[in-house]
Amino acid sequence: MNSSPFYVTLERALRLRGAGIEDICPPDDPVARRVLQDYGAMFVGADSVLPPPLCVFTSEDLVERFQKEAGLAANTIGDAVIELQPAAMSALLEARAVAQAEGLEISPRDGAEAARRSYADTVRLWDSRFLPALDHWTRAGRLSQTQAERLRDLPVHEQVREVLELEREGIFFSKDLSKSVLYSIAAPGSSQHIAMLAFDANEFPSQRVREILAQHGWFQSVLSDLPHFTFLGLAEAELPGRGLKSVEVDGQTFWIPDVQ
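Residue positions are given per chain, counting from 1 as you read along its sequence in written order. Given that the model is predicted, a residue must reach a pLDDT of at least 70 before its local features are reported, and side-chain atom pairs must reach 80 or more before they are shown or counted; all residues, however, enter totals for whole chains, interfaces and linings. Processing note: side-chain calculations cover all non-hydrogen atoms of the structure and skip hydrogens and water entirely.

Help me understand the overall build of the protein in this model?
Secondary structure summary: the protein contains 9 helices and 7 strands in total. Each radius of gyration reported is based on C-alpha atoms, and the globular scaling rule is 2.2 Å times the count of residues to the power 0.38. Taken over the C-alpha trace, the protein has a radius of gyration of 18 Å; the compact-globule value for 260 residues is 18 Å, and the two agree within 12%. Working definition: with a 1.4 Å probe on protein chains only, accessible area under 20% of the residue-type maximum means buried, over 50% means exposed, and in between means partly exposed. The buried share among the 260 residues of the protein stands at 52%. In the protein, of all internal contacts separated by at least 6 residues, the share reaching a separation of at least 24 is 62%. Only DSSP runs of H or I with at least four residues qualify as helices, and only runs of E with at least two residues qualify as strands; both kinds are numbered from the N terminus onward. Every residue pair with non-hydrogen atoms within 4.5 Å of one another is taken to be in contact.

Any chance you could explain the pairing of strand S5 (residues 228–231) here in plain terms?
Remark: a regular strand shows side chains that alternate across the two faces of the sheet. Neither face of S5 is exposed, since His 228 and Thr 230 on one face and Phe 229 and Phe 231 on the opposite face are all buried. One bridge is not enough; two strands pair if DSSP finds at least two bridges between them. Bridge analysis of strand S4 (residues 218–219) against S5 gives 2 bridges, and the strand direction is antiparallel. Bridge pairing links Trp 218 to Phe 231 in S5.

How should the side chain of Gln 252 be read in this particular structure?
Inspection of the secondary structure puts Gln 252 in strand S7 (residues 252–257). Every residue in contact with Gln 252, bar those within four places of it in the chain, is listed here: Phe 204, Pro 205, Arg 210, Gln 220, Leu 226 and Val 247.

Just to check I follow, could you spell out the packing of aromatic side chains for this structure?
Any aromatic ring pair is given by two values, namely how distant the centres are and how the planes are angled relative to each other. Aromatic rings from Phe, Tyr and Trp, with only the six-membered ring used for Trp, were paired whenever their centres fell within 6.5 Å, and each pair was classed as stacked if the ring planes differed by under 30 degrees, edge-to-face if by over 60, and tilted otherwise. Enumeration over the complete set of coordinates arrives at 6 aromatic pairs. Each ring, one from Trp 218 and one from Phe 231, has its centre 5.3 Å from the other, and the planes form 50°; the classification is tilted. Taken together, the positions of Trp 218 in strand S4 and Phe 231 in strand S5 put the pair 13 residues apart, joining distant regions of the chain. Given the relative accessible area of 1%, Trp 218 is considered buried.

So what exactly am I meant to see when it comes to the layout of surface pockets here?
In this approach, a probe sized like a water molecule rolls over the atoms, and the result shows the empty space that is left. Cavities and pockets are found on a 1 Å grid laid over the protein atoms alone: a cavity is a set of points where a 1.4 Å probe fits but cannot escape, a pocket is an open set with protein on both sides within 12 Å along at least five of seven lines, and a lining residue has an atom within 4 Å of such a point. Grid points are joined across faces, edges and corners, and a volume is the space filled by probe spheres set on the points. Looking at the largest pocket, its volume works out to about 630 Å³. Arg 129, Ser 184, Ile 185, Asp 200 and Asp 225 are, among the 27 residues lining the largest pocket, the residues nearest its centre. With 3 residues, helix H6 (residues 119–139) is the single largest residue contributor to the lining of the largest pocket. The calculated volume of the second largest pocket comes to roughly 270 Å³. Lining the second largest pocket are 15 residues, and of these Ala 13, Arg 17, Gly 45, Asp 47 and Arg 242 sit closest to its centre. Its residues placed into classes, the lining of the second largest pocket shows 8 nonpolar, 3 polar and 4 charged. The classification used treats Ala, Val, Leu, Ile, Met, Phe, Trp, Tyr, Cys and Pro as nonpolar, Asp, Glu, Lys and Arg as charged, and all other residues, Gly among them, as polar.

Would you mind showing me how to read the nonpolar core here?
Side chains of a nonpolar character, in soluble globular proteins, are inclined to be buried together. In these notes, a set of buried Ala, Val, Leu, Ile, Met, Phe, Trp, Tyr and Cys residues joined through side-chain atoms within 4.5 Å is what counts as a nonpolar core. Leu 36, Ile 82, Ile 106, Phe 173 and Trp 218 are the most contacted members of the largest nonpolar core, which totals 87 residues. Here this core gets 7 residues from one element, more than from any other, and that element is H6. Those residues within four positions of Leu 36 in sequence are excluded, and the remaining contacts are Phe 6, Tyr 7, Leu 10, Ile 21, Cys 25, Phe 43, Cys 55 and Pro 257.

Just checking my understanding: could you explain the pattern of salt bridges for this structure?
A side chain of one charge can pair with a side chain of the opposite charge when the charged atoms of the two come close. By salt bridge we mean one thing: a side-chain nitrogen of Lys or Arg within 4 Å of a carboxyl oxygen of Asp or Glu. Per the counting criterion, the structure on display carries 13 salt bridges. When the shortest N-O distance is used, the salt bridge between Arg 168 and Glu 165 registers 3.4 Å. By relative accessible area, Arg 168 is classed as exposed at 69%. Classification of Glu 165 as partly exposed rests on a relative accessible area of 44%. Salt-bridge contacts for Glu 211 lead to Arg 208; the nearest nitrogen and oxygen are separated by 3.3 Å.

I keep staring at the packing of helix H1 (residues 5–16) against helix H3 (residues 30–39) and nothing clicks. Help me out?
Packed helices, taken two at a time, are described by the angle between their axes plus the distance between the axes. For helices, the fitted axis covers only the stretch in contact; all axes are lines through C-alpha atoms, and the angles between them, taken along N-to-C directions, range from 0 to 180 degrees. Interaxial distance between H1 and H3 falls to 11 Å at its minimum, and their mutual angle equals 100°. Viewed along their axes, H1 and H3 adopt a mutual orientation that is roughly perpendicular. Judged by residue contacts, Phe 6, Tyr 7 and Leu 10 of H1 engage Arg 33, Leu 36 and Gln 37 from H3. Here the residues of the contact of H1 with H3 are counted per class, giving 4 nonpolar, 1 polar and 1 charged. Here the word oblique covers every angle except those under 35 degrees (roughly parallel), over 145 (roughly antiparallel) and from 65 to 115 (roughly perpendicular).

Remember that the coordinates give geometry; whether it matters functionally is a separate question.
Set out below in structure tokens:
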């Protein structure tokens, strides 16, 4: 077992659930292991939420079964119906009430998609990064037409695997083509939004809004995804004990798995 703080904590948490890391994230699957390191904070949150049974869901049916088991609370915020796990929704509404009492707002970015997403949603969002980048690198001569067509025809999980390999060569698939696609969009089936433990907030630039969200268990946990907050249901002082470390990006604090 990896002896880093995150993996030690995760192994302990999974053992209490009668599982091991290999059950949620196969050791021979580099995509799943990469996803665990980039998005894994949700697996070490409070007992009030249900973490996913898998690092990467592979079908809509699996996602629907998990979301039904986790439970779903819906609330209309602005013009959007937001859906989250019940504990996450309660904390979000409490945070909004505090913000509004101070003349601030916490509102969903891109409507309902700011919270719960389906498997199909994650595939669509993957394509919104993958396909334009594929066209760009083909025009730039870094990929041949034959390579591009083969990548386009691959099953989505294999697409992710090969994209991550190409990124080792500086062929990036993020929206701005400058960094890993996983810092721009989640791999299909791996999003914290599928777990209903994520909320994208329009007001993420506000330090006070970030403080209020943190006081209610919501933290930024995906590097470079500035609007994205993860419900961990914990106080900030508890996060290092859950195998998470703080990293500053653009003046904002992200709590990510400590895998070093």
